[in-house]
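These are the residues of each chain, in order.
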Amino acid sequence: MIKAKGVEMIATNLRESQLAEFEMYESNVRYYCRDMPAVLARASNARIWDEEGYEYIDFFSACGSLNYGHNHPLMKRRVIEYLMTDGMLNSLDLHTTAKRDFLRTFREHILAPRGLVYRVQFTGPTGTNAVEAALKLARKVTRRRTVVAFTNAFHGMTLGALAATARQRNAGIEQNGIVRLPFEGYFCADTRDLDRYEAMVNDPSGGAEPPAAFIVETIQGEGGLNSASPEWLRHLAGVAHRLGALLIVDDVQAGCGRTGDFFSFEQSGIVPDLVCLAKSISGNGLPMALLLIKPEWDQWSPGEHNGTFRGNNLAFLAASVAAQLWNDPDFIGSINQSDLIVRAWIDNAVREFGATAKGRGLFSGVSFSDRSLARQVAGEAFQRKLLIETSGSYGEVLKVMPPLTIEPELLSEGLRRLSDAVEVSLSRSRLRTAA
């Protein structure tokens, strides 16, 4: 026992020395690294190695920005070849061969097979940039100011997107222009809440002005993996259409295959007016975001919305490779297989641990009645060399988000480690309750 404690103390001291420079020089705002205190060095698909050589299984996927895994070989090769030819890197909104290749590939492999016709706006490089562009464009074309957003929503950290985000952070100024409605299932909310709001807008004494847009995540990633039903989404689309408002789907985290389909809204059959994409749209984690716009709403004047880093050509290249994967039956089949493995684990967690199933596809997880348990499980999982995050208002939901390309054996091993972490955390919770 004494020897074990000595080894543990040495390991703790070593970890603290490795993290010292981050503690000393990096801002207090750092977040994920506090729950996953390792210095990471290299990665391949769903495996990550720290600087000490320890191997981790990745159920985090950089918060959904690495749906195709770390260093996908086809994307990496394409990027390296381009770099070796002195290809353009940043190009603002100038025409480049890399951008043209992406536009062609995205249209041929993603939009056309789904019967979708959109213009592509390249915004600043993050999801919140795409959201800001969508909100601004919706207000421009409708000449209205109010946007409807939902409980538990997360849309970004810049001012407009932050106003639409349900968990408000102090931005230093008052945030206006948002009407908040309950997301489906929020304290039993359903389509009647949408109907009530529509009636208020149409009633001269209802006190609600016509909205410019509705912005919604079909699955609320940061809000706790709350999933909207196809019926509710179709109803929402109908309400937006009747009120003359645009429907914005924020597919930044739920999109790019995370739910099994490329777009998370495909199952519902709706066609949003505007779609925000970022995170995994670049394929390999390079910064890239875009806004899909129905042609009739592409009413920007040249330069009316811009940004320096709209032209990340390395991201365009990798994104083209990623788009082509969606025509590969083996790739689609592997996603379906992984979905079945995760679904079986979740069903077992519901039976064995009393958990509640959340989400859809490889954007799934479980919640517990004890709100503190998920964070304990995530900590135990890290000790077992498994990276996983939590979400929800109280961090009560475990998010199972491995790369879409994870090998079945590695996925099963990660889920085994996660089960061990749940069992240990439940045992400790019961002991505390008994005490």
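Residues numbered from 1 in each chain as written. Predicted model: local features only at pLDDT ≥ 70, side-chain atom pairs only at ≥ 80, totals over all residues. Heavy atoms only, no water.

Q: Before we move on, could you go through the side chain of S268 and cite the residues and values that matter?
A: Along the chain, S268 falls in the loop between β10 (246-250) and β11 (274-277). A polar contact is formed between the side chain of S268 and the backbone oxygen of F265, at a distance of 2.7 Å. Engagement of the side chain of S268 in a polar contact is seen with the backbone nitrogen of I270, the distance being 3.3 Å. In contact with S268, other than residues within four places in its own chain, are P230, L233 and R234. (Helix = DSSP H or I, 4+ residues; strand = E, 2+ residues; numbered from the N terminus. Polar contact = N/O pair within 3.5 Å; in protein donor to acceptor, adjacent residues only side chain to side chain. Contact = heavy atoms within 4.5 Å.)

Q: How would you explain the pairing of strand β2 (residues 47-50) if you had to name every residue and give the values?
A: Taken residue by residue, a regular strand's side chains alternate between the two faces of the sheet. Bridge analysis of strand β1 (residues 40-44) against β2 gives four bridges, and the strand direction is antiparallel. Pairing of R42 across the sheet is with W49, part of β2. Linkage of β1 to β2, two consecutive antiparallel strands, is achieved through a turn of two residues, within which N45 is found at a positive phi near 50°. Two strands pair when backbone bridges link them, and β2 and strand β3 (residues 55-58) are joined in this way by three bridges, in the antiparallel orientation. Bridge assignment links R47 to a residue of β3, and that residue is I57. Linking two consecutive strands that pair antiparallel, namely β2 and β3, is a turn of four residues; a positive phi of about 95° is found at G53 within it. (Pairing = 2+ DSSP bridges.)

Q: Explain the environment of R119 residue by residue, including any values.
A: For R119, the position within the fold is in strand β4 (residues 119-122). With a relative accessible area of 45%, R119 lands in the partly exposed category. On a C-alpha basis, the gap between R119 and L291 in space is 8.2 Å, while along the polypeptide they are 172 residues apart. Sequence-distant contacts of R119, that is, excluding residues within four places in its chain, are made with L291, L292, I293, P295 and D298. Among the polar contacts made by the side chain of R119, one reaches the side chain of D298 at a distance of 2.7 Å. (Buried < 20%, exposed > 50% of the residue type's maximum accessible area, 1.4 Å probe, protein only.)

Q: Tell me what's going on with the pattern of salt bridges, and back it up with residues and numbers.
A: Under the criterion given, the structure shown has 21 salt bridges. The residue E55 makes a salt bridge to R47 at a minimum N-O spacing of 2.7 Å. Through salt bridges with shared partners, a single network forms among E413, R416, R417 and D420. (Salt bridge = Lys/Arg side-chain N within 4 Å of Asp/Glu carboxyl O.)

Q: How would you summarise the pairing of strand β5 (residues 147-150) if you had to cite specific residues and measurements?
A: Here β5 shows two buried faces, one formed by V147 and A149 and the other by V148 and F150. Judged from the four bridges that link them, β5 and strand β6 (residues 178-181) form a sheet pairing that is parallel. When the bridges of β6 are listed, V147 appears paired with I178. Both β5 and strand β7 (residues 213-216) contribute to a ladder of two bridges, which runs parallel.

Q: Run through the nonpolar core, naming residues and quoting values.
A: With 86 residues, the main nonpolar core has F106, F150, F214, F262, F263, L277 and L418 as its most contacted residues. At 10 residues, helix α10 (residues 313-325) tops the list of elements feeding residues into this core. Leave out the neighbours within four places in its chain, and L418 touches W345, V377, A381, L386, I388, L398 and V400. Residues A133, A161, L274 and A289 belong to the second largest nonpolar core, which totals 24 residues. (Core = buried A, V, L, I, M, F, W, Y, C linked by side-chain atoms within 4.5 Å.)

Q: Just give me the short version of helix α5 (residues 97-111), but keep the residues and values in it.
A: For α5, with 15 residues, the first-to-last C-alpha span of 20 Å sits near the 21 Å given by 1.5 Å per residue. Those residues of α5 not exposed but buried are A98, K99, F102, T105, F106, H109, I110 and L111. The secondary structure elements touched by the buried residues of α5 are α4 (73-84), β4, β11, β12 (290-293) and α10. (Expected span 1.5 Å × (residues − 1).)

Q: An account of the packing of aromatic side chains is needed here, citing residue identities and associated values.
A: In this structure the tally under the stated criterion is 18 aromatic pairs. With 5.3 Å between their ring centres and 25° between their planes, F102 and F106 make a pair best called stacked. In this pair, F102 and F106 both sit in helix α5, four residues apart, roughly one turn of the helix. Each of the two residues, F102 as well as F106, counts as buried. Between F106 and F262 the ring centres are 6.1 Å apart and the planes differ by 70°, which places this aromatic pair in the edge-to-face class. Of this pair, F106 sits in helix α5 while F262 sits in the loop between β10 and β11, and the two are 156 residues apart along the sequence. Accessibility classification places F106 together with F262 in one group, the buried group. One cation-aromatic arrangement involves K385 over Y54; the distance from NZ or CZ to the ring centre is 5.1 Å. (Phe/Tyr/Trp six-rings, centres within 6.5 Å; stacked < 30°, edge-to-face > 60°. Lys NZ or Arg CZ within 6 Å of the ring centre and 35° of its normal.)

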